[in-house]
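Each chain is listed here by its residues.
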Amino acid sequence: MEIQKVFEEFDKDHNCEIDEDELKMLIIEMGFEISDEEANQCMQDIDKNNNGTISPAEFQHWWLAGRPGKTGLIARSLRMFNTAAEMF
Ligand SMILES: [Ca+2]
Ligand SMILES: [Ca+2]
């Protein structure tokens, strides 16, 4: 799975950054539930410069670092996402 593809999947409005709403939307689409607080923590895990959005570079850094995070929720969602992608 290419990082760029995953990023594009998150970036629903294609403005080259992922905001909190987009993050939540994808996780909900994957069939998980996420609270505002969890979404916020996920953002903090990835948004290293704390400007409220995830840039491609931030996303790539987080991805290559092994997708660390407080909640692990996105990592779980992405595993589902990979599995779904392999089915097609
Ligand atoms: Ca976006
Ligand atoms: Ca950022």
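Cut-offs used in this document
- Residues numbered from 1 in each chain as written.
- Chains lettered and ligands numbered in written order.
- Predicted model: local features only at pLDDT ≥ 70, side-chain atom pairs only at ≥ 80, totals over all residues.
- Helix = DSSP H or I, 4+ residues; strand = E, 2+ residues; numbered from the N terminus.
- Buried ≥ 20, exposed ≤ 12 C-beta atoms within 10 Å, placed from the backbone.
- Arc of directions from axis to C-beta.
- Core = buried A, V, L, I, M, F, W, Y, C linked by C-beta atoms within 7 Å.
- Contact = placed C-beta atoms within 7 Å.
- Axes fitted to C-alpha atoms, helices over the stretch in contact; angles between N-to-C directions.
- Parallel < 35°, antiparallel > 145°, perpendicular 65-115°, else oblique.
- Left-handed = near helix turned anticlockwise from the far one by under 90°.
- Nonpolar A, V, L, I, M, F, W, Y, C, P; charged D, E, K, R; others polar.

### Considerations on the environment of Glu 8
Inspection of the secondary structure puts Glu 8 in helix α1 (residues 3-10). Linking Glu 8 and Ile 18, residues 10 residues apart in sequence, is a C-alpha distance of 8.9 Å.

### Concerning helix α2 (residues 20-29)
Turning to α2, its buried residues number three or more, namely Leu 23, Lys 24, Leu 26 and Ile 27. Take α2 and look down its axis: the buried residues cluster within an arc of 165 degrees, on one side only. One or two steps after α2, the chain reaches Gly 31, where phi turns positive at roughly 95 degrees.

### What to know about the nonpolar core
As a rule of thumb, soluble globular proteins bury nonpolar side chains together. Of all hydrophobic cores here, the largest spans 14 residues; its most connected members are Ile 18, Leu 23, Ile 27, Cys 42, Ile 46, Phe 59 and Leu 73. With residues near it in sequence (within four places) discarded, Leu 73 still touches Ile 27, Phe 32, Ile 34, Glu 38 and Cys 42.

### Digging into the packing of α2 against helix α3 (residues 36-46)
One way to put it is that α2 packs onto α3 with a least axis distance of 10 Å and a crossing angle of 115 degrees. Comparing their axes, α3 and α2 come out roughly perpendicular. With respect to the hand of their crossing, α2 and α3 are arranged in right-handed fashion. Together, Glu 20, Leu 23 and Lys 24 of α2 and Ala 39, Asn 40, Cys 42 and Met 43 of α3 make up the contact between the two elements. Class assignment of the residues belonging to the contact of α2 with α3 gives a composition of four nonpolar, one polar and two charged.

### Describing the environment of Arg 67
Along the chain, Arg 67 turns up in the loop between α4 (56-64) and α5 (73-87). C-alpha separation for the pair Arg 67 and Leu 78, spaced 11 residues apart in sequence, amounts to 9.5 Å. Non-local contacts of Arg 67, meaning those with residues more than four positions away in its chain, are made with Trp 62, Ile 74, Ala 75 and Leu 78.

### Here we look at α3
Within α3, the full set of buried residues consists of Ala 39, Cys 42, Asp 45 and Ile 46. The arc that holds every buried residue of α3, seen down its axis, measures 115 degrees, which confines them to one face. Those residues of α3 that are exposed and aimed more than 90 degrees away from the buried face are Asp 36 and Glu 37.

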